Amino acid sequence: MRQFTAVVNPTAGGSAGAAALLGVARLLREAGAGLETEYSRSLAHAQELARQAGEAGRVVLAVGGDGIAGGIGGALSGTGAVLGLVPAGRGNDFARALGLPSDPAGLAEVLLRGEPRPVDTIEVRSAVHDRTVVLGSVYAGVDAVANRHANHARLLRGTASYYAGGLRAVTTWRPARYRVTVDGVEHPHTGYTVVAANSGYYGSGRLIAPDARVDDGMLDVVLIREAPRRLFFALMNDLTTGAHVHRPQVSILRGREIRIEADRAVPYGADGEVEAVLPVTAKVLPGALHVLSRTP
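Scoring rules and cut-offs
Residues numbered from 1 in each chain as written. Predicted model: local features only at pLDDT ≥ 70, side-chain atom pairs only at ≥ 80, totals over all residues. Heavy atoms only, no water. Helix = DSSP H or I, 4+ residues; strand = E, 2+ residues; numbered from the N terminus. Buried < 20%, exposed > 50% of the residue type's maximum accessible area, 1.4 Å probe, protein only. Contact = heavy atoms within 4.5 Å. Areas by Shrake-Rupley, 256 points an atom, 1.4 Å probe, with all protein chains shown as cover. Phe/Tyr/Trp six-rings, centres within 6.5 Å; stacked < 30°, edge-to-face > 60°. Lys NZ or Arg CZ within 6 Å of the ring centre and 35° of its normal. Core = buried A, V, L, I, M, F, W, Y, C linked by side-chain atoms within 4.5 Å. Salt bridge = Lys/Arg side-chain N within 4 Å of Asp/Glu carboxyl O. Expected span 1.5 Å × (residues − 1). Bend = angle between axes of the 7 residues up to and from the residue. Axes fitted to C-alpha atoms, helices over the stretch in contact; angles between N-to-C directions. Parallel < 35°, antiparallel > 145°, perpendicular 65-115°, else oblique. Left-handed = near helix turned anticlockwise from the far one by under 90°. Nonpolar A, V, L, I, M, F, W, Y, C, P; charged D, E, K, R; others polar.

A. Molecular detail of the overall build of the protein chain. Secondary structure summary: the protein chain contains 8 helices and 17 strands in total. Here the protein chain holds 296 residues, and the buried ones make up 56% of them. Restricting to contacts in the protein chain with at least 6 residues of sequence separation, those with at least 24 account for 72%. For the protein chain, the computed accessible surface area is about 12500 Å², with 50% contributed by carbon and sulfur atoms.

B. Spatial organisation of the packing of aromatic side chains. This structure, assessed with the given rule, holds 1 aromatic pair. Ring centres 5.6 Å apart and planes at 75 degrees place the aromatic pair Y139 and Y202 in the edge-to-face group. Of this pair, Y139 sits in strand β7 (residues 137–141) while Y202 sits in strand β10 (residues 201–202), placing them 63 residues apart in sequence. The same class applies to Y139 as to Y202, namely buried. For the cation-ring pair, R264 lies above W173, with the distance from its terminal atom to the ring centre recorded as 4.7 Å.

C. View of the nonpolar core. Counting residues in each nonpolar core, the largest one holds 46 residues, and the members touching the most others are V138 and Y178. Beyond its immediate stretch of four places on either side in the chain, V138 contacts I122, V124, V194, V195, A196, Y268, G269, A270, V280 and A282. Of all hydrophobic cores here, the second largest spans 43 residues; its members include A6, L35, A81 and L98.

D. Structural context of the pattern of salt bridges. Overall, the coordinates contain 13 salt bridges when judged by the stated rule. Residue E36 is joined to R58 by a salt bridge in which the shortest nitrogen-to-oxygen separation is 3.8 Å. Here E36 is found in strand β2 (residues 34–39), whereas its partner R58 is found in the loop between α2 (43–55) and β3 (59–64), with 22 residues between them in sequence. Taking the relative accessible area as the measure of exposure, R58 reaches 15% and is therefore buried. R254 is the salt-bridge partner of D216, the closest N and O atoms lying 2.5 Å from each other. Linking D216 in the loop between β11 (206–207) and β12 (219–225) with R254 in strand β13 (residues 250–255), this pair joins segments that are 38 residues apart in sequence.

E. Just the environment of A16, in detail. Mapped onto the secondary structure, A16 falls in helix α1 (residues 16–30). For A16 and G64, which are 48 residues apart along the polypeptide, the C-alpha to C-alpha distance reads 7.7 Å.

F. Looking closely at α1. Over its 15 residues, α1 runs 22 Å from end to end, which matches the ideal 21 Å to within 8%, given 1.5 Å per residue. Of all the bends in α1, the greatest measures close to 30 degrees and is centred on L22. All of the buried residues along α1 are G17, L21, V24, A25 and L28. Tucked inside the fold, the buried residues of α1 contact β1 (3–8), β2, β3, β4 (82–87) and α5 (104–113).

G. A look at the packing of α1 against α5. Contact pair α1 / α5: the axes reach a minimum separation of 9 Å and the direction vectors enclose 50 degrees. Considering their axes alone, α1 and α5 lie oblique with respect to each other. Once α1 is placed against α5, the crossing between them reads as right-handed. Here α1 contributes G23, V24, L27 and L28 to the contact with α5, which in turn contributes P104, A105, L107, A108, L111 and L112. Across the contact of α1 with α5, the residue classes break down as 9 nonpolar, 1 polar and no charged.

H. Fine view of the side chain of Q249. For Q249, the position within the fold is in the loop between α8 (229–238) and β13. Residues in contact with Q249, not counting those within four places in the same chain, are L223, I224, R225, E226, A227 and L231.

Keep in mind that these numbers describe shape and distance, not what the molecule does.
Shown next, in the form of structure tokens:
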């Protein structure tokens, strides 16, 4: 029977992490699995707890949102350790990409009997962060500004906080001039954002890259060009279904290594956390992480 170590972000989703774990933990223990719970003081602390548990041969459960899932997944990338997710944050986009059930019984079944599935991770390099590894996406532009607003929202949660953050960001955004290099080929771009996506979802369920797959060894690069603000608001609505990819203002490229630069200090983020400003390089690490999930 599997032995688990749950690493909990106590602030995720308005302190929902511990609550989300309770129902799942009871079912795991009733099935005979071992479960230890660790509460993290910071993302770095969560990563250290995860590494220690992985080295001990335990399945590591990341309990929280995309920030802690990406942080712990990145820490375990390339180690051979197995990751399980207990979604309890605002976005839960990587769990959504894996098709994980939201109910405790369904999730416990995956954790107990699901097979470890190799998925890709993203190596991120910049002047501020020499090297970090994340799971879902790297995005540079108005969405990073919107995500920063969402992270500081006090009254709104979930999708509402991202939508409100997006409205606030767009009203002050002026198109940036980017230089996007995909596998050595330069693509000049002027507009709102560049997203290097491993997962199809970001921003609490927005389907930014409908054809992205977490296990295909490639990143889908979404470029949204300069357009009137009213059109960008329509594009935001299209993100709920992925229909934005059919608009002429949107281009999709694919590659293994993406370099994003701009003519000013454009912020970038990764897995729900705004890290720094451009330039940044994102490189796919094929099959670097094993995650418990349903059969794809």
